[in-house]
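Read off the chains here:
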Amino acid sequence: MSNRLEFNRLFAYSEKENKYFNTEFGKGVNIIHGRNTSGKSTVLLSLLYTFGINDVKLQLDEVLQTNLLFRLDCTLYKNHIGEDLTIIREDEILIVKRADKPVIRFSGISSDNSAEHIKLKHYFHELFGFSLFLESKNEYKEAPIETIFLPYYISQAVGWVYLRKSFSNLDYYRNFKDDYLDYYLGIDNFFDRISKQQLEDELKTLQKEISFFTKFENNDIGLQVSKILDERFTKESLRYLEAFSHNQKELATKEKEFTLKCNELSLFLQRKAVLSKVAVHHKLQSPVNGNCPVCSQSLPLNLAATYKFLQESNDTESETLLYKEKIKKTQSEVNTLYSKISKLKKNIHQEFKVLSAYHEEDMTFENWLKNKTYNRLYDNITMKLGELVRKEEAVKVDLKKYKTEEEVILERTKRVNAFATIFTAYLAQLKVKSLEEERYINIYKISAFPYQGVELHKTVMAYHFAFNKLIKQNQNVHRFPFILDAIFKEDIEHKNKDLIIEFISKNRPKDTQTFFSIAEIKGEKSEVKRYNAEYFDNNAHLICIGNNVSERAFLSNYDDRWSDYLTETLEMINSQ
């Protein structure tokens, strides 16, 4: 069962400016509305910042100048059992308080590469059951905190234009798109992937060692002579003689075949050259403007002569093509024979060196001792090779437990088809022209859409809702609130706005919260309450920033209304 996180309350406080922000959230739909630049996006970005996501710091720069501390109260559900979870961030410090457990502090998280931030990332991986690993610099590392939120967050800045770009710097990971989609679509388990990668690396190492010892064993003359000299290797000695004799015979056979094939190739080349000359000369005998090559008289221009000319041209062309194929095939056979002959000559040369060394060997005590040393070395190599081969077989057996590349492709195909079906249906609901080309409906191939303006906006919305619906089917992936910043582009007319709200109402994930922001247009009547009544049965939680009038209204003057809550927050920050 996947872990599910629910946001309950966001509180921000600046002692320096004596200002604050406070809001509670509903369990279903939360609509954040207000004038442009009132601070709607600031609310949503604050949620991400509180979790230690530094990528949004630049967008929060104005409010962060006031030395804000943020507190987010949540409920974390595991196996349907809820646990209170409080996260507090004050600049470089992040505090986590879980139910009755002691406070956990991470100090120095302003840089994603800092040791504390890496510890924080690992902590959230374990807390939320998040196990995505990404490849960086030839090793798999725990994915950044941003990827825990990525499928659930569409940023106002670029999220409605580019896919998977709501956070920056994620494309630097190798195979990011495939690994990211595989994880959320349940194609592969990343712990398995790491184990598989380790086994594959171990297998490569073993095979390199086996190759090294095998080459050493086969190429060291002294070692091979010692095997012949030693009485234990009588069979080995005979094998050398038999192999030498066999290879000599095979070499003679192959050289004979090689000579015949070369002759055959030469014949085909000459035949092709003749056909080329025939083709050139035949063109000069065209009934239209050709002359007889013997008497130089003009050739008759009639249907029979023309037919005969064209038929001969076709025959010549067909014959030329036939010989081209024969030349190609024969040349390949010649090359193969040449390669085999070269290899045989190399083997014969190697065996001849061994036999020569054997015949020159004088069995003195020193040579006998030297031979025994070689035999000991040979025994060690044999034992080592046996041990390596056994390990290699064991690793191969272990690797069979994991998905093969073909199985992964099959699983991806199933998800691709499921996504295309949902995505196409959602496009129809949003009255967007259907996309036919595979590159626009295959979730693993989509990089952009061929639309712009409102059509692109609605297409991206359909994509994210379809992706979210597929994620929901994966019981091993955490579920976070679905956050959509700025669901209306400025040039969207009222008809399309209602269409988008209706779409969200019908297709929003029912198992988690949905947050979206709406900009109120100056001089126009607010439609938020009507949307709530018509599409959400007045059950959506409305959060108004700046009373629909003010700009930069995220923070208000603090009036001690939340003094107990603030005191509790400061106590947690200052606890040891």
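What counts, and where the lines are drawn
- Residues numbered from 1 in each chain as written.
- Predicted model: local features only at pLDDT ≥ 70, side-chain atom pairs only at ≥ 80, totals over all residues.
- Heavy atoms only, no water.
- Helix = DSSP H or I, 4+ residues; strand = E, 2+ residues; numbered from the N terminus.
- Buried < 20%, exposed > 50% of the residue type's maximum accessible area, 1.4 Å probe, protein only.
- Contact = heavy atoms within 4.5 Å.
- Areas by Shrake-Rupley, 256 points an atom, 1.4 Å probe, with all protein chains shown as cover.
- Salt bridge = Lys/Arg side-chain N within 4 Å of Asp/Glu carboxyl O.
- Core = buried A, V, L, I, M, F, W, Y, C linked by side-chain atoms within 4.5 Å.
- Pairing = 2+ DSSP bridges.
- Axes fitted to C-alpha atoms, helices over the stretch in contact; angles between N-to-C directions.
- Phe/Tyr/Trp six-rings, centres within 6.5 Å; stacked < 30°, edge-to-face > 60°.
- Lys NZ or Arg CZ within 6 Å of the ring centre and 35° of its normal.

(A) Spotlight on the overall build of the protein. For the protein, the helix and strand inventory stands at 16 helices and 14 strands. Counting all 576 residues of the protein, 46% fall into the buried class. For the protein, long-range pairs separated by at least 24 residues make up 70% of all intrachain contacts whose partners lie at least 6 apart in sequence. When the accessible area of the protein is evaluated, it comes to approximately 31,400 Å², of which 51% is carbon and sulfur surface.

(B) Examining the pattern of salt bridges more closely. In this structure the tally under the stated criterion is 30 salt bridges. The partner of D73 in a salt bridge is R71, and the shortest N-O contact between them spans 3.1 Å. A single network of salt bridges, built from pairs that share partners, joins K261, E264, K329 and E333.

(C) Just the nonpolar core, in detail. If you look at the biggest cluster of nonpolar residues, it comprises 114 residues, and the most contacted ones within it are F7, F124 and I487. For this core, the element with the highest residue contribution is helix α13 (residues 453–472), accounting for 11 residues. Residue contacts for F7: discarding those within four places in its chain leaves F25, L47, F51, L72, D73, C74, F149, P481, I483, Q513 and F515. Core analysis: the next-biggest nonpolar cluster, separate from the first, contains 13 residues, L203, L206, I381 and L385 among them.

(D) Looking closely at the sheet that holds strand β5 (residues 81–90). Ordered in space as β7-β6-β5-β4-β1-β2-β14, the seven strands form an open sheet in which the pairing is antiparallel. Strands at the two margins of the open sheet, each flanked by one partner only, are β7 (104–107) and β14 (556–557). Summarising the sheet, strand β1 (residues 4–14) and strand β4 (residues 68–78) pair through 10 bridges and their orientation is antiparallel. Opposite R9, over in β4, you have D73 as the bridge partner. Across the sheet, helix α3 (residues 115–127) is in contact with β4, β5, β6 (93–98) and β7; its angle to β7 comes to roughly 145°.

(E) Molecular detail of the pairing of β6. Two strands pair when backbone bridges link them, and β5 and β6 are joined in this way by six bridges, in the antiparallel orientation. Bridge assignment links I88 to a residue of β6, and that residue is I95. Between β5 and β6, which pair antiparallel one after the other, the connecting turn spans two residues, and D91 there sits at a positive phi close to 55°. Relative to β7, β6 runs antiparallel, the two sharing four bridges. Bridging from a neighbouring strand, L94 pairs with F106 of β7. Counting the residues in the hairpin turn of β6 and β7 gives five residues, including A99, whose phi is positive at 40°.

(F) How the structure looks around the packing of aromatic side chains. Evaluated as defined, the whole model comprises 40 aromatic pairs. Ring centres of Y180 and Y184 lie 5.2 Å apart, and the angle between their planes is 65°; on these two criteria the pair is classed as edge-to-face. Of this pair, Y180 and Y184 both sit in helix α5 (residues 176–184), four residues apart, roughly one helical turn. Looking at Y180, the relative accessible area reads 2%, which means it is buried. The exposure class assigned to Y184 is buried, which follows from its relative accessible area of 0%. Ring centres of F488 and Y531 lie 6.0 Å apart, and the angle between their planes is 70°; on these two criteria the pair is classed as edge-to-face. In this pair, F488 sits in the loop between β11 (482–484) and α14 (494–507) while Y531 sits in helix α15 (residues 528–536), placing the two residues 43 residues apart along the sequence. When the ring centre of Y77 is taken as origin, the NZ or CZ atom of R4, which lies over that ring, is 4.2 Å away. R9 extends its terminal NZ or CZ atom over the ring of W562, reaching a point 4.9 Å from the ring centre.

(G) Inspection of the pairing of strand β3 (residues 29–35) at higher detail. Counting buried residues along β3, seven of its seven residues qualify, which places the element largely inside the surrounding structure. Bridge count for β3 against strand β12 (residues 514–520) is seven bridges, and the pairing is parallel. When the sheet's bridge partners are listed, R35 is paired in β12 with E520. Sheet topology places β3 next to strand β13 (residues 541–545); five bridges connect them, and they run parallel. Each bridged residue has a counterpart across the sheet, and for I32 the counterpart in β13 is I543.

(H) View of the environment of T569. For T569, the position within the fold is in helix α16 (residues 563–574). Judged by its relative accessible area of 0%, T569 is buried. Separated by 498 residues in the primary sequence, T569 and R71 place their C-alpha atoms 7.5 Å from one another. With residues up to four places along the chain from it excluded, the contact list for T569 reads L69, R71 and I88.

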